[in-house]
Amino acid sequence: MDELNGKKILLGISGGIAAYKSIELIRRLNDSGAEVRVVMTKSATEFVTPLTFEAISGNPVHVEMFGPRIKSAIEHVELARWADLIVIAPATANVIAKLTHGIADDLLTTVCLALTDIDLAVAPAMNLGMWKNPATQENIASLSGRGIKIWGPAEGFQACGEIGSGRMIEAAELADHVRSYFAVNQTYGGVKVVITAGPTREPLDPVRFITNRSSGKMGYEIASACAERGAEVVLVSGPVSIAAPEGIKTIDVETAQEMHDAVFANIVDADIYIGTAAVADYRAATPAEQKIKKSADELSIELTKNPDILADVAAMDTPPFTVGFAAETNDIEIYAKGKLQKKKLKMIAANQVGVSGTGFDSDNNKLHVYWNGGDRELPLASKAELARELVALIMEHYDA
Ligand code: PMT
């Protein structure tokens, strides 16, 4: 499979004659299965029109910070979160200087400043004098020291008629850089991960059931983050209303027992298990065969314990690297550490539930991850971002 397949690339285009090469770059990335969204600076629009990039990328082009076309006041944050990688090509001396000093005076530089864990690459394009200028060289060294990738420039004829270093590298070479970037990030290559997500539904009668508020978002993002790093993912999902992640084997189940069966049908050769699902601890001992009728003032339903999928996986003879979640309303650390020990887990990700803005059904969350001998806080972020951080953390410990 092409490493670029399914990758989301935000292409920043600043004002240089090399902007025309970005048309070819988008075509190459698209042909390899990547989705490209474009952010242009105002000066870039003097070289190639936004319409050209809209037509070639198949997505609206973003230029303005403010104005009637802007759907959200936090569009810059949304764009930064959407991307797997941001590439600025061409990157002028001016944009490079702004990135160096954290200046955010247009949409592109604001998106870059809003970046947290997403990588950024720049493809410098400028006149050779500007490239050689000590100011630019110091800026490039500073960006490189911060882990920003510098792709190019190339030597050769320049638009100004001079010959030397400063030309933007060709689209084919840029596409290769992007491909290699994702190839080295395929740290889960050859690793099989089984993930549970969403709630379970335990029937009381043919029309009623016990369930909880899990939306599946956290588990689905973890599945996508594992697949993004090259893992073979099996996602066992309770009933949710979000779309299944593309390209991931998803098994739909309803009850805890069905989830248990689906997990055990796929776990034998798994390397990692991540239990994100909010599995009902109890089910009705004997669900009614017909709809329960309203009669007495009080109704008692006998409940019986469901299998503990996470504990059963961790208790296998040769268990996978088993990661649990702990959803707690109070005393989070005590309960999470208790579950880590009692269920013999390698790691547990604890989150607060019962408050708005995190946990169940929210787009954001924060986690406190514990393992034997250590812990790490993953502060409030989108579930997509948190999933990437958690998956990277799991990989650090899985390798250890
Ligand atoms: O789905 P979202 O809306 O995005 O919300 C995400 C989430 C809040 C559901 C998620 O982040 C989370 O906390 N999932 C675990 C929910 C839960 O059931 O926690 P628990 O503390 O009750 O269970 C501890 C662990 O045991 C969990 O890994 C759970 O999957 C597992 N378990 C529990 C009971 C059971 N019978 N079998 C299990 O495997």
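Residues numbered from 1 in each chain as written. Predicted model: local features only at pLDDT ≥ 70, side-chain atom pairs only at ≥ 80, totals over all residues. Heavy atoms only, no water.

Moving on, we get to the packing of aromatic side chains. Applying the stated criterion across every chain, the model contains two aromatic pairs. Relative to Phe-182, the ring of Tyr-181 has its centre 4.9 Å away and its plane inclined at 80 degrees; by these criteria the two rings are edge-to-face. Accessibility classification places Tyr-181 together with Phe-182 in one group, the buried group. With centroids separated by 6.1 Å and ring planes inclined at 90 degrees, the aromatic side chains of Phe-321 and Tyr-398 adopt a geometry described as edge-to-face. Of the two residues, Phe-321 sits in strand β17 (residues 321-328) while Tyr-398 sits in helix α13 (residues 383-399), which places them 77 residues apart along the sequence. Against the face of Phe-182 rests Lys-7, its NZ or CZ located 5.3 Å from the ring centre. (Phe/Tyr/Trp six-rings, centres within 6.5 Å; stacked < 30°, edge-to-face > 60°. Buried < 20%, exposed > 50% of the residue type's maximum accessible area, 1.4 Å probe, protein only. Helix = DSSP H or I, 4+ residues; strand = E, 2+ residues; numbered from the N terminus. Lys NZ or Arg CZ within 6 Å of the ring centre and 35° of its normal.)

What surrounds the ligand is a group of 29 residues, the closest being Ser-214, Ser-215, Gly-275, Lys-339 and Asn-351. Interatomic distance of 2.6 Å between a side-chain N/O atom of Ser-214 and an oxygen atom of the ligand. Here an oxygen atom of the ligand sits 2.8 Å away from a polar atom, N or O, in the main chain of Leu-310. When the free accessible area of the ligand is taken as 770 Å², the share hidden by the protein chains comes to 95%. Listing elements by their share of the shell around the ligand, those giving two or more residues are α9 (217-228), α11 (309-314) and β17. Sorting elements by how many residues they give to the shell around the ligand places β17 first, with five residues. (Near = heavy atom within 4 Å. Polar contact = N/O pair within 3.5 Å; in protein donor to acceptor, adjacent residues only side chain to side chain. Areas by Shrake-Rupley, 256 points an atom, 1.4 Å probe, with all protein chains shown as cover.)

This brings us to the pattern of salt bridges. Applying the stated rule across the entire model yields 22 salt bridges. With a closest N to O distance of 2.7 Å, Asp-308 and Lys-343 form a salt bridge. With Asp-308 in the loop between β16 (303-305) and α11 and Lys-343 in the loop between α12 (332-342) and β18 (347-352), the pair connects residues that are 35 residues apart, well separated along the chain. Via salt bridges that share partners, Glu-24, Arg-27, Arg-28 and Asp-31 belong to a single interconnected network. (Salt bridge = Lys/Arg side-chain N within 4 Å of Asp/Glu carboxyl O.)

Here the protein chain is described as being made up of domain 1 (8-183) and domain 2 (192-399). Centre-to-centre separation of domain 1 and domain 2, based on C-alpha positions: 39 Å. Opposite the seven residues of domain 1 that make contact, domain 2 presents six residues. When the two sides are added together, the surface that domain 1 and domain 2 hide from each other amounts to roughly 510 Å², 32% of it contributed by carbon and sulfur. Linking domain 1 with domain 2 are two salt bridges, by the criterion used here. (Domains from an automatic or database assignment. Contact = heavy atoms within 4.5 Å. Buried area = accessible area lost by both parts, 1.4 Å probe.)

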